[in-house]
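As a plain string of letters, each chain reads:
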Amino acid sequence: MASLQAAYRSLSRNFCLTKTVSSFINGNRLFSDNAAVTQDKLFTPGPLNVSMRVKKAMLRDVGTRHSEFVNIVRSIRQSLLEVAGASADEFTTVPVQGSGTYAVEATVATAFSNIPGKVLILENGSYGKRIASICSKWGVETEIITFPETEMVDPSVVDNILSLRKNVIGVAMVHCETSTGVINPIEEVGEVVKRRLPDSTFFVDAMSSFGAIPLSMTNIDFMVSSANKCLQGVPGFSYVIAKKSKLNKLNGNCRSLVLDLAAQVDVLDNTGQFRFTPPTHAMLAFKEALTEFHEEGGVLGRSKRYSENASIIRSGMESMGFKTLLDHDLHPQSYIITSFYYPATSKFVFENFYEKLSRTGHVIYPGQVSTAKCFRIGTIGHLYPDDMQSLIEAIRNVCHDIKI
């Protein structure tokens, strides 16, 4: 064992920081990266499959105060502004250690808590409801405007409501409601919000859309997303793209230490470092993921592949008799995830269907629609048309097995 460890240390030194070590020691066994590794295909809205080059980028350690890592953080913050088409003079990127929901809560805690007035929440699914739940935890006064789960938020309805409301400090909504796949018209709603309430804060949860569905930051004050979504990094952090003029007024407003976006960005801008331990390995991976993203053609390149993925899934499922929850002629941008109704037969039990499919290495997602029994198939992440064909074939075989 000692000789193996010595060999490993020698090999590690020889490879330095630019290469990955081809083997490592775990307990009393030596594992090789040539060994077979089970790799499921994840047809979900997250976590997502990522490429091997992104995974390999994590296989080294880096000091949080080292100039290399400081420059990586700076590069990531600037790159995210470029993906958003946002000017560095007007906007800033604030990374947050934690899942996407951490960034949502950080925004609510920073932008809305401790400020008199109410937040209008436009919801048509589970993730809009989650924003409302977070506001409730923070004691933020809210008014929830509910739209049908299978329909987009209607800007004309929002216009009428805002014309009758007073003391509204902000409006919040989800871009891609992944409980159904509906894509909401954030640009149109943002125009209404700023016309009716020019001093209010417009907050958009773009968790599952940013990087694959074009959006304009023109009327958005806070936008949140996560590393392990359409930009195809690994889980570990999320981020807020914030309008500087809004964020600069919020110093000392947040009642949380770790969720304070104003304090976070102040330290990042002044030192280049996080206030608390950053997700170093996830950020190394994300820098590589951004390179991969641009090589694919940016937002347009990624949307093209995801659209093709979704088209293959829908046509293949429909050929087997499955029905989509949404009318996709009315939802042309809904290529992130697709909801399918359960087949109308007692032979179909989702848990059984899911388990049999998982054994083939294909992982789908249960439904989150309150008015219908559905399951969901995601078409984002490091997945390609061949993967979609493989899933269709696996579903066909499982359906034959359970005789539906």
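Residues numbered from 1 in each chain as written. Predicted model: local features only at pLDDT ≥ 70, side-chain atom pairs only at ≥ 80, totals over all residues. Heavy atoms only, no water.

Asks: Explain the pairing of strand β16 (residues 374–378) to me, please; I cannot follow it from the model alone.
Replies: Moving residue by residue along a regular strand, the side chains alternate between the two faces of the sheet. Extensive coverage of β16 is indicated by the burial of five of its five residues. Here β16 shows two buried faces, one formed by C374, R376 and G378 and the other by F375 and I377. Across five bridges, the pairing between strand β13 (residues 337–341) and β16 is antiparallel. By the bridge assignment, S339 is partnered in β16 with R376. For strand β15 (residues 365–366) and β16, the ladder comprises two bridges, and the chain directions are antiparallel. Pairing of Y365 across the sheet is with R376, part of β16. (Buried < 20%, exposed > 50% of the residue type's maximum accessible area, 1.4 Å probe, protein only. Helix = DSSP H or I, 4+ residues; strand = E, 2+ residues; numbered from the N terminus. Pairing = 2+ DSSP bridges.)

Asks: Explain the sheet that holds strand β7 (residues 168–174) here, please?
Replies: Picture the strands of a sheet paired through backbone hydrogen bonds; they go either parallel or antiparallel. The strand order β4-β12-β11-β10-β7-β5-β6 describes an open sheet built from seven strands, whose pairing is mixed. Single-partner strands in this sheet number two, and they are β4 (91–97) and β6 (141–146). Looking at each pair of strands side by side, their axes are set apart by 20 degrees on average, direction ignored. Pairing analysis gives five bridges linking strand β5 (residues 118–123) to β7, with the strands arranged parallel. Considered in β7, the bridge of L122 is made with M173. Sitting on the sheet, helix α3 (residues 67–84) touches β4 and β12 (237–243), and the angle it makes with β4 is about 120 degrees. (Axes fitted to C-alpha atoms, helices over the stretch in contact; angles between N-to-C directions. Contact = heavy atoms within 4.5 Å.)

Asks: I tried to follow the environment of V104 on my own but got confused; where do I start?
Replies: With respect to the helices and strands, V104 occurs in helix α4 (residues 100–111). Overall, the relative accessible area of 4% leaves V104 in the buried class. Note: C-alpha distance between V104 and F203 (99 residues apart in sequence) is 9.3 Å. For V104, the residues in contact, after removing those within four places along its chain, are I131, I134, F203, D205, M207 and V224.

Asks: Help me understand helix α10 (residues 280–296) in this model?
Replies: Because an α-helix completes one turn every 3.6 residues, residues spaced three or four positions apart along the sequence face the same direction. Under the 1.5 Å per step criterion, the end-to-end length of α10 is 25 Å for 17 residues, consistent within 8% with the ideal 24 Å. Buried residues of α10: T280, A282, M283, L284, A285, F286, A289, L290, E292 and F293, and no others. Buried positions along α10 lie against α2 (52–56), α3, β4, β12 and α11 (298–319). Note on α10: the residue one or two positions beyond its end, G297, has a positive phi of about 110 degrees. (Expected span 1.5 Å × (residues − 1).)

Asks: What is the right way to read the nonpolar core from this model?
Replies: Nonpolar side chains in soluble globular proteins generally cluster together in the buried interior. In this structure, L122, F210, M217, L231, I241 and F286 are the most contacted members of the largest nonpolar core, which totals 54 residues. Every element with two or more residues in this core is listed here: α3, β5, α6 (155–164), β7, α7 (186–196), β10 (201–205), β12 and α10. Apart from residues no more than four positions distant in its own chain, L122 is found in contact with I145, F147, V153, V158, V171, A172, M173, V174 and V189. Judged by nonpolar contacts, the second largest core, of 34 residues, contains V96, A109, W138 and L250. (Core = buried A, V, L, I, M, F, W, Y, C linked by side-chain atoms within 4.5 Å.)

Asks: What should I look at first to understand the sheet that holds β15 in this one?
Replies: The three strands lie next to each other as β13-β16-β15, forming an open sheet whose pairing is antiparallel. A single partner strand is all that each edge strand has here, and the edge strands are β13 and β15. Packed on one face of the sheet, α11 meets β13 and β16 and runs near 10 degrees to β13.

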